[in-house]
Amino acid sequence: MMREREFHAPSGLGMLLILLPVTVASFAGAMRFITHAEPGIGVPLLILAAICFVGLFGCFIVNPNEGRVLQLFGDYRGTARQAGLRWANPFYSKRRVSLRVRNFETAKLKVNDQRGNPIEIGCVIVWRVVDTAEAVFHVDNFENYVTVQSEAALRNLASRYPYDAHGDEVDMVSHTAEISLRLKDEVAERLAQAGVEVVDTRISHLAYAPEIASAMLRRQQATAVVAARQKIVEGAVGMVEMALALLAEKQVITLDEERKAAMVSNLLVVLCSEQNTQPVVNAGTLHH
């Protein structure tokens, strides 16, 4: 497996200050000697001028957070990362690779969750190149590779978890942060061979597919109503128990089992009803 190795390119400014004057002086001298019919001196000077002129093409610029992958006739020579004007063999090819942090948002993918429900999901991937040799030589186009593999990882992850769940089961709605971390690990594993580091991942879009959205909304509403009713009943039972215990403790009134049952029934109706209760004055007794 090919790994990145650093190429220490000398300063291009120093080489420019040497090669440019030598090229001009050699060419001028060669023209002078050739015009004076002294080719024995003019031709070597002309050759020197040509060599120095070709050497000028070895100068290249490395921007901050950028690498230049250097190759000589297909052979990898190293990566120059030191910013500034640099110089290398003019016959080296110098491919520019950005080392800056980049991000992209996937398209809204339609995929079935763990229960087979069609959902729409999208995410944002933040990444950067950390090994230029792997990015350039291990994959054909590392930018397209990042896009395709990220979407594949997102599809795979979405199919392993339900959209929403009950109890302690991990789902995509209520455990978004955890799902994002697991997505980051899966994407990072896929992109490692391309010399790419995944900085962060975030779920940017999550919804039921339009064809089942209305039905799922009604189901969620029904689930919420049932859960709310359960809490209301639990609270009402606790309040009734507390009321009976306080009445017995303070000996405010002594109730037989029938009156206790009537009181419990009335309190539960009052506490659990969605409508405002209407007071009723009982002018008689419970016994006929």
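In what follows, the structure referred to is the one given above.
Analysis parameters
Position labels on residues start from 1 in each chain and follow its written sequence. Only residues with pLDDT of at least 70 get local features here, since the model is predicted, and only at 80 or more are side-chain atom pairs given and counted; chain-wide, interface and lining totals rely on the full set of residues. Water and hydrogen atoms were dropped before computing side-chain values, which therefore reflect all heavy atoms in the structure. We count a stretch as a helix when DSSP gives it H or I for four or more residues in a row; a strand needs E for two or more, and each element gets its number in order from the N terminus. The rule is simple: take the accessible area with a 1.4 Å probe, protein chains only, and divide by the maximum for that residue type; under 20% is buried, over 50% is exposed, in between is partly exposed. For accessible areas, the Shrake-Rupley method is used with a probe of radius 1.4 Å. Any residue's cover is judged against the shown protein chains and nothing else. By convention a nonpolar core is built from buried Ala, Val, Leu, Ile, Met, Phe, Trp, Tyr and Cys residues, the set being connected through side-chain atoms within 4.5 Å. Residue contacts are defined here by distance: any two heavy atoms, one from each residue, within 4.5 Å place the two residues in contact. By definition here, a helix of n residues has an expected span of 1.5 Å times n minus one. N or O atoms closer than or at 3.5 Å make up a polar contact, with two conditions inside protein: a donor-capable atom paired with an acceptor-capable one, and, for residues adjacent in sequence, both atoms drawn from side chains. Centre distance within 6.5 Å is the pairing criterion for rings of Phe, Tyr and Trp, where only the six-membered ring of Trp is used; planes under 30 degrees apart are then read as stacked, over 60 as edge-to-face, and the remainder as tilted. For this document, the term salt bridge refers to a Lys or Arg side-chain nitrogen within 4 Å of an Asp or Glu carboxyl oxygen. Strand pairing follows a simple DSSP-based rule, namely that at least 2 bridges must link the two strands. Axis angles are defined between N-to-C directions and span 0 to 180 degrees, where every axis is a line fitted to C-alpha atoms and, for a helix, only to the segment in contact.

*Asks:* Help me understand the overall build of the chain in this model?
*Replies:* Counting secondary structure elements, the chain contains 7 helices and 9 strands. Among the 288 residues that make up the chain, the fraction classed as buried is 33%. Carbon and sulfur atoms make up 59% of the accessible area of the chain, which amounts to about 17600 Å² in all.

*Asks:* How should I be thinking about the nonpolar core in this particular structure?
*Replies:* Soluble globular proteins tend to pack their nonpolar side chains together in the buried interior. If you look at the biggest cluster of nonpolar residues, it comprises 37 residues, and the most contacted ones within it are Ile121, Trp127, Val129 and Leu183. Broken down by secondary-structure element, the contributors of at least two residues to this core are strand 7 (109-112), strand 8 (118-129), helix 3 (132-137), helix 4 (142-158), helix 5 (176-191) and strand 9 (196-208). Per element, the largest residue contribution to this core is 7 residues, and it comes from helix 4. Apart from residues lying up to four places away in sequence, Ile121 is in contact with Ala107, Lys108, Leu109, Val111, Leu154, Ala158, Met172, Ile203, His205 and Leu206. Counting 9 residues, the second-largest nonpolar core is a separate cluster that includes Ala9, Val62, Ala88 and Tyr92.

*Asks:* What exactly am I supposed to notice about helix 4 here?
*Replies:* A turn of α-helix holds 3.6 residues, and therefore any two residues three or four places apart point the same way. When the terminal C-alpha atoms of helix 4 are compared, their 24 Å separation across 17 residues agrees well with the 24 Å that a helix rising 1.5 Å per residue should span. Among the residues of helix 4, Phe142, Tyr145, Val146, Gln149, Ser150, Ala153, Leu154, Leu157 and Ala158 are the ones counted as buried. Capping of helix 4 at its N-terminal end is provided by Asn141; its side-chain oxygen lies 3.2 Å from the backbone amide nitrogen of Glu143.

*Asks:* Even after reading the chapter, I still don't get the packing of aromatic side chains, so can you show me in this structure?
*Replies:* Aromatic rings considered in pairs are described by the distance between their centres and by the relative angle of their planes. Under the counting rule described, the total for this entry stands at 5 aromatic pairs. Measuring from ring centre to ring centre gives 5.9 Å for Phe7 and Tyr92, while their planes differ by 75°; the resulting arrangement is edge-to-face. Of this pair, Phe7 sits in the segment before helix 1 (12-35) while Tyr92 sits in the loop between strand 4 (84-87) and strand 5 (93-98), placing them 85 residues apart in sequence. The two residues Phe7 and Tyr92 agree in class, both being buried. Aromatic pair Phe53 and Phe57: ring centres 5.3 Å apart, planes at 85°, arrangement edge-to-face. Relative accessible area serves as the criterion here: at 54%, Phe57 is assigned to the exposed category.

*Asks:* Mind showing me how you'd approach the pattern of salt bridges here?
*Replies:* As a working rule, side chains carrying opposite charge can pair if their charged atoms are close by. What the rule picks out here adds up to 12 salt bridges. Arg102 is the partner of Glu143 in a salt bridge, and the nearest nitrogen-oxygen pair spans 2.5 Å. Here Glu143, found in helix 4, pairs with Arg102, found in strand 6 (residues 102-105); they are 41 residues apart in sequence, far enough to count as distant. By relative accessible area, Arg102 is classed as buried at 19%. Between Glu197 and Arg128 there is a salt bridge, and its shortest N-O distance comes to 2.8 Å. Taken together, the residues span a long stretch of sequence, with Glu197 in strand 9 and Arg128 in strand 8 at a distance of 69 residues. The class of Arg128 is partly exposed, set by a relative accessible area of 31%. Residues participating in the shared-partner salt-bridge network are Arg3, Asp131 and Glu134.

*Asks:* Hey, could you run me through unusual backbone geometry in this one?
*Replies:* What you tend to see is this: most non-glycine residues have negative phi, and most peptide bonds are trans. Positive phi outside glycine occurs at Asn65, with the angle close to 55°. Its place among the elements puts Asn65 in the loop between strand 1 (59-62) and strand 2 (66-72). Residue classification places Asn65 among the exposed residues on the basis of a relative accessible area of 53%. A positive phi angle, near 50°, is found at Phe73, a position not held by glycine. Inspection of the secondary structure assignment puts Phe73 in the loop between strand 2 and strand 3 (75-80). Residue class for Phe73 comes out exposed when judged on its relative accessible area of 74%.

*Asks:* It is not clear to me how the sheet that holds strand 5 should be interpreted in this structure. Could you clarify?
*Replies:* In sheet architecture, strand pairing relies on hydrogen bonds along the backbone and comes in two forms, parallel and antiparallel. With respect to topology, 3 strands assemble into an open sheet ordered 3-2-5, the strand pairing being antiparallel. Of all strands in the sheet, those with a lone pairing partner are strand 3 and strand 5, marking the two edges. Averaged over neighbouring strand pairs, the angle between their axes works out to 25° when direction is ignored.

*Asks:* Just to check I follow, could you spell out helix 1 for this structure?
*Replies:* With 24 residues, helix 1 ought to run about 34 Å at 1.5 Å a step, and its terminal C-alpha atoms sit 34 Å apart, in line with that. Its side-chain oxygen 3.3 Å from the backbone nitrogen of Leu13, Ser11 forms the N-cap of helix 1.

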